[in-house]
Amino acid sequence: MASEHRQCQKPTRELGGMFQRLPSISVLLSVLAIVVGAGGSIGYLFLSNPYIAVYPPALFIAGCLSLYLLNTNKPSKIESLVPKSYRPYLIAAFALSFVGTSIAYLGASYDRSLLVYGFTILAYVSGLLIALANSRPFIQIAPILSTGVLHRFTVFYGGPLVLGNDSIWHTRIAGEVAVSGSLAPLALEESKYFLTSFYHILVATGSMIMDISPRHTSFLVITVPFVIIPALIIYSFIRRVYTPITAVFGMFLFVTVDVSVFWSVLPQATTLGAIFGSLTIICAFRSMRSDCITLQVLTVGFFGAIVFTHHASAFIIAFLITAAYGLSAVTERRVSVT
Amino acid sequence: MKQRQGLLVVATVWITLLAHWLTIGYFGPSPTDRPDIDLFSFLVLTVVQTLRGLTSIDSQSSFTIPDYISATPSGSASLTPPHLLGNAGLFALLCLGGFVWLSRAETPLSKRLTIILFSMAVISFSVVFGGPLGGFGIIYPLRWLPFVYVIGSILAALGVTVLVQQSTGSWRTVAVALIAVMLVTSMIGTNYGSPDDPLYDDANGAVRYELTDSEFTLVQHIVQYSGETTVIGDGHITVVVERQYKRPALTIQYLADSESITGPREPTLLIDRQYLQSGHAQFILTNNDQTIPMTGSIPENVVNCGPNSVVYDSGDDMIRHRPDGWC
């Protein structure tokens, strides 16, 4: 037991070599961003795509800001961003906007009016400020995640059917799997998901156990977990490696980004793949810093779950894991040389 | 971690993936009319076809849209900058966080992880943006984003931290609130942020995926009374008919040269919902022998062309019976 414990301890090493040259690398990257950003912005004259209209200028601005900040004095560590005395007002604002969102939504027969949008924005912002005015993890997490779930509820339940294109098919098939008690519906549809049917089995089983429709089940077992699991992973990762304040920002950004909303309210195999994907990535990151075999087994195990969930997700995660381990090996070698 | 262990994990991952792809049939375990091909072989063939397509002159860039059609090619071209401002802001924060923290990270652990995260973000975004730029739409950029944003959110959070560190005293609270309001507002109403019915609906690509009560009643009506008659309509409504109710349905394909709609030469039912003229309907356009998916308004005279009779009318949405199926 004692030797096992020793095995799972993180190795501690001193850094040197390329790590000491990082400030100059930062400057170099900033200059590169300015050049590429400016070049890309000019490219808009020849290729009028909206992505080219906004991303190169964003890169340019990031480069300029970075150069400016790198040349200013390093600011002192932030202990608190929001004074504790604001807490009662923030809690009142959060409660008001959270309840306001619900009442405005239900009162308008599940329609998202401008009032619902306004209250949702207010709930997110006051939730973030509450998180920043507190240091206890639960209080930091709960307001932002509960707003994230409520927000998705209002999008998800607006219409008579599941949103999206593929999600309609996946949800119907899950219902048929539940009724037939087999994967025959997937075989009859001549689908490539026949042996990649984790999503359909999960939603079908959940639907049978809870005795609710596949649509409600997919909200509970796919939509809600895709808000909570990646957000908690991001939060715990940043809290351990960087600072609690940054952890709150990371969680907030993931919950509010439009792509995260999109994939959670269109529940399908991709969404479940992304849930397992975030678990795989975090296990891979943890295993880089540890000789503990459990983490490597978990990495492969979660990857196995993705393989049986979604083909494209499996490829993307295999690609990202390879990149992560490759980069880990490169950075580790640099350390051991010095 | 010993590098050998990492190598073992990577090897296991790729072997598992390959073994699975070689095992599963692209058209299920026992296709009837379609080829019995495994997923891996299917993908290899698709990649080869894409590469061949890249070398041919017949590309979408030479496609011309007739002046009288108010629509844009589906995909990124159908969006406008306001839909991407939030994501571009996040991208800027992500870059800023990466650049500054590469030199500001204090502990050996945070330095090393910042390098790894930043490099992974660079590689991922190169694939996401580089793929479509190089004509490789097959890599599905949108599918990468939920994964990429798990990493991206961490770096962007570092960027936000760097920014708010610059303000002092009570201004810090104001700065945080301002950044939060700007980010949430720019995300919440976009085509991805509100796929039920995008709040920012200036762009053709801001497609409403939610059916109105009137449209839902129409679909139920068509399912109940159409039998096996082929249904024609815009992209999303036909997806509903086909995937929810297992009825044959075709997306409207408009032939600009002859100002007509293609379809089977047999009686069909055309779903003429009000949404066809909203500027967000999805259809297929053929012009000068080139065909691409479009998002926008479908000309009213097109929907009404040839002999047809209205067999259902809810006031907003109609079903047209077309005895010849095409015009």
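What counts and what doesn't
- Throughout this description, residue numbers start from 1 for each chain and increase along the sequence as written.
- Chains and ligands are labelled sequentially in the order written, the chains with letters from A and the ligands with numbers from 1.
- Per-residue local features are limited, in this predicted model, to residues with pLDDT of at least 70; the limit for side-chain atom pairs, both in listing and counting, is 80 or more; totals at the level of whole chains, interfaces and linings are taken over all residues.
- Only heavy atoms go into the side-chain values, all of them from the structure, while hydrogens and water stay out.
- When DSSP finds at least two bridges between two strands, those strands are taken to pair.
- To qualify as a helix, a DSSP run of H or I must reach at least 4 residues; to qualify as a strand, a run of E must reach at least 2; elements of each kind are numbered from the N terminus.
- All axes are obtained by fitting lines to C-alpha atoms, using only the stretch in contact for helices, and the reported angles, taken between N-to-C directions, cover 0 to 180 degrees.
- Throughout, the edges of the domains are those of an automatic or database domain assignment.
- Two residues qualify as a contact provided that any one of their heavy atoms is within 4.5 Å of a heavy atom in the partner residue.
- One side-chain nitrogen of Lys or Arg within 4 Å of one carboxyl oxygen of Asp or Glu is enough to make a salt bridge.
- Multiplying 1.5 Å by the residue count of a helix minus one yields the expected span of that helix.
- Accessible area that two parts lose when put together, with a 1.4 Å probe and added across both, is what the buried area reports.
- Polar contacts, as counted here, are pairs of nitrogen or oxygen atoms within 3.5 Å of one another; within protein the pair requires one atom able to donate a hydrogen and one able to accept it, and residues that are adjacent in sequence qualify only if both atoms are side-chain atoms.
- Each residue gets one label: Ala, Val, Leu, Ile, Met, Phe, Trp, Tyr, Cys and Pro are nonpolar, Asp, Glu, Lys and Arg are charged, and the others, such as Gly, are polar.
- Accessibility here uses a 1.4 Å probe with only protein chains present; expressed as a share of the type maximum, an area under 20% marks a residue as buried, one over 50% as exposed, and anything in between as partly exposed.
- Using protein atoms alone on a 1 Å grid, points that fit a 1.4 Å probe yet trap it form a cavity, whereas open point sets bounded by protein on both sides within 12 Å along at least five of seven lines form a pocket; residues with an atom within 4 Å of a point count as lining.
- Grid points are joined across faces, edges and corners, and a volume is the space filled by probe spheres set on the points.
- Angles below 35 degrees are treated as roughly parallel, those above 145 as roughly antiparallel, those between 65 and 115 as roughly perpendicular, and all remaining angles as oblique.
- Within this analysis, patches are made of residues with over 30% relative accessible area and no salt bridge. Like charges are joined at 9 Å or less; nonpolar side chains (Val, Leu, Ile, Met, Phe, Trp, Tyr) at 5 Å or less.
- Here the accessible surface of atoms and residues is derived via Shrake-Rupley with a 1.4 Å probe, and residues count as covered only by protein chains that are part of the display.
- Classification of ring pairs uses Phe, Tyr and Trp, with its six-membered ring standing for Trp, and accepts pairs whose centres are within 6.5 Å; under 30 degrees between planes counts as stacked, over 60 as edge-to-face, and the remaining range as tilted.
- Two thresholds decide whether a charge sits over a ring: the Lys NZ or Arg CZ must be within 6 Å of the ring centre and within 35 degrees of the ring normal.

J.: Got a minute to help me understand the sheet that holds strand β2 (residues 230-233) of chain B in this structure?
T.: Picture the strands of a sheet paired through backbone hydrogen bonds; they go either parallel or antiparallel. All names here are of chain B. The five strands are arranged β3-β2-β6-β10-β9 in an open sheet whose pairing can be described as mixed. Looking at strand neighbours, the two that pair on one side only are β3 (249-251) and β9 (309-313), the edges of this open sheet. The mean angle between the axes of side-by-side strands here comes to 30°, regardless of whether they run parallel or antiparallel.

J.: Teacher, can you tell me more about the domain arrangement of chain B here?
T.: Accessible area lost upon the coming together of the parts is a frequently used measure of interface size. All names here are of chain B. What the domain assignment reports for chain B is domain 1 (1-56), domain 2 (75-204) and domain 3 (213-322). Computed over C-alpha atoms only, the centres of domain 2 and domain 3 are separated by 38 Å. Opposite the four residues of domain 2 that make contact, domain 3 presents four residues. Our count for the contact surface shared by domain 2 and domain 3 stands at zero salt bridges.

J.: Looking at this structure, I do not really get helix α9 (residues 198-210) of chain A. What am I missing?
T.: Along an α-helix, a turn takes 3.6 residues, which lines up residues three or four apart on a common side. All names here are of chain A. The terminal C-alpha atoms of α9, which comprises 13 residues, lie 18 Å apart, in line with the 18 Å expected from a rise of 1.5 Å per residue. Its buried side turned inward, α9 meets α7 (166-180), α8 (184-188), α10 (214-241) and α13 (269-288). Phi turns positive one or two residues past the end of α9, at D211, with a value near 55°.

J.: Looking at this structure, I do not really get the interface of chain A and chain B. What am I missing?
T.: With 129 residues of chain A at the contact, the number on the chain B side is 120 residues. Interface area, chain A with chain B, both sides summed: about 11,500 Å², of which 75% is carbon and sulfur. The largest per-residue losses of area from chain A upon contact with chain B belong to Y55, E190 and Y242 of chain A, which jointly make up 7% of the total buried on that side. Across the chain A-chain B interface, the total number found is 26 residue pairs in polar contact (both at pLDDT 80 or more). Residue contributions to the side of chain A that touches chain B peak at 20 residues, all from helix α15 (residues 311-337) of chain A. Partitioning the side of chain A that touches chain B into residue classes produces 81 nonpolar, 34 polar and 14 charged.

J.: I tried to follow the pairing of strand β8 (residues 290-296) of chain B on my own but got confused; where do I start?
T.: Looking down a regular strand, the side chains alternate between one sheet face and the other. All names here are of chain B. Counting buried positions over the seven residues of β8 gives five, a clear majority of the element. For strand β7 (residues 281-287) and β8, the ladder comprises seven bridges, and the chain directions are antiparallel. Across the sheet, L285 pairs through a bridge with I292, a residue of β8. Hairpin connection of β7 to β8: two residues between the antiparallel strands, including N288 at a positive phi of 50°.

J.: Just to check I follow, could you spell out empty space enclosed by the protein for this structure?
T.: Using a probe with the size of a water molecule, rolled over the atoms, empty space left in the structure can be pinpointed. Taken as a whole and assessed by the stated rule, the structure comprises three cavities of 30 Å³ or more. The wall of the largest cavity is formed by I233, I234, F237, S278, I281, I282 and F285 of chain A together with L117, V150, I151 and I154 of chain B. Those elements that place two or more of their residues in the lining of the largest cavity are α10 and α13 of chain A together with α5 (141-166) of chain B. Of the residues belonging to the lining of the largest cavity, the class tally is ten nonpolar, one polar and no charged. In this structure, the second largest cavity encloses a volume near 50 Å³. What lines the second largest cavity is L128, F249, F252 and L253 of chain A together with V160, V176, I179, A180 and L183 of chain B. Where the lining of the second largest cavity is concerned, the elements lending two or more residues are α11 (244-256) of chain A together with α6 (171-188) of chain B. No other element matches α6 of chain B, which puts four residues into the lining of the second largest cavity. Taken together, the residues that form the lining of the second largest cavity break down as nine nonpolar, no polar and no charged.

J.: Help me understand the packing of α11 of chain A against helix α12 (residues 258-265) of chain A in this model?
T.: Two numbers describe a pair of packed helices, the interaxial angle and the distance between the axes. Residues and elements named next belong to chain A. At a minimum axis separation of 5 Å, α11 and α12 run at an interaxial angle of 55°. Compared by their axis directions, α11 and α12 come out oblique. Two secondary-structure elements touch here, α11 through F254, V255 and T256 and α12 through D258, S260 and V261. Tallied by class, residues from the contact of α11 with α12 come to three nonpolar, two polar and one charged.

J.: Help me understand a nonpolar patch on the surface in this model?
T.: Residue and element names in this part refer to chain B. Side chains of L18, L22, F40, V44 and V48 sit close together on the surface and give an oily, nonpolar patch of about 370 Å² of accessible area. Of all the elements in the fold, those that place two or more residues in the nonpolar patch are α1 (3-23) and α2 (39-55). If one sorts the elements of the nonpolar patch by residue count, α2 sits on top with three residues. Tracing the backbone shows V44 in helix α2.

J.: Which parts of the structure should I look at to understand the environment of P198 of chain B?
T.: Position of P198 of chain B among the secondary structure elements: in the loop between α6 and α7 (213-225). Sequence-distant contacts of P198 of chain B, that is, excluding residues within four places in its chain, are made with G189, T190, N191, A206, V207 and R208 of chain B.

J.: Whenever I open this one, the layout of surface pockets confuses me. Can you help?
T.: Taken as a whole, the second largest pocket spans an internal volume of roughly 1,200 Å³. Lining the second largest pocket we find 40 residues, and of these K192 of chain A together with Y26, L39, L43 and Y140 of chain B sit closest to its centre. Going through the elements one at a time, α7, α13 and α15 of chain A together with α1, α2, α5 and α8 (235-245) of chain B are the ones with two or more residues in the lining of the second largest pocket. Sort the elements by how many residues they give to the lining of the second largest pocket and α2 of chain B lands first, with seven residues. For the lining of the second largest pocket, the per-class residue count stands at 23 nonpolar, seven polar and ten charged.

J.: In this structure, what is going on with the pattern of salt bridges? I would like to understand it.
T.: A side chain of one charge can pair with a side chain of the opposite charge if their charged atoms are brought near each other. Evaluated as defined, the whole model comprises eleven salt bridges over all chains. Where R208 of chain B meets E215 of chain B, a salt bridge forms, and the shortest distance between an N and an O atom there is 3.0 Å. E215 of chain B gets classed as buried once you look at its relative accessible area, which sits at 4%. The closest approach of N and O atoms between R273 of chain B and E215 of chain B, which form a salt bridge, is 3.0 Å. Taken together, the residues R273 of chain B in the loop between β6 (268-272) and β7 and E215 of chain B in helix α7 connect sequence positions 58 residues apart. Given a relative accessible area of 1%, R273 of chain B falls into the buried group. One salt-bridge network, in which partners are shared between bridges, spans R172, E176 and E189 of chain A together with K246 of chain B.

J.: Mind showing me how you'd approach the packing of aromatic side chains here?
T.: Between two aromatic rings, the relevant description is the distance of the centres plus the angle of the planes. What the rule picks out here adds up to 30 aromatic pairs over all chains. Between the aromatic rings of Y105 of chain A and F153 of chain A, the centroid separation amounts to 6.2 Å while the plane-to-plane angle is 75°, which identifies the pairing as edge-to-face. Here Y105 of chain A, found in helix α4 (residues 87-107), pairs with F153 of chain A, found in helix α6 (residues 137-156); they are 48 residues apart in sequence, far enough to count as distant. Ring geometry for F315 of chain A against W14 of chain B: centres 5.9 Å apart, planes inclined by 75°, an arrangement best described as edge-to-face. Here F315 of chain A, found in helix α15, pairs with W14 of chain B, found in helix α1, and the two come from separate chains. The exposure class assigned to W14 of chain B is partly exposed, which follows from its relative accessible area of 30%. An aromatic cluster of at least three residues, connected via ring pairs, comprises Y105, Y110, F153, F156, Y157 and F219 of chain A. The cationic tip of R208 of chain B hangs over the ring face of Y275 of chain B; the distance from NZ or CZ to the ring centre is 4.6 Å.

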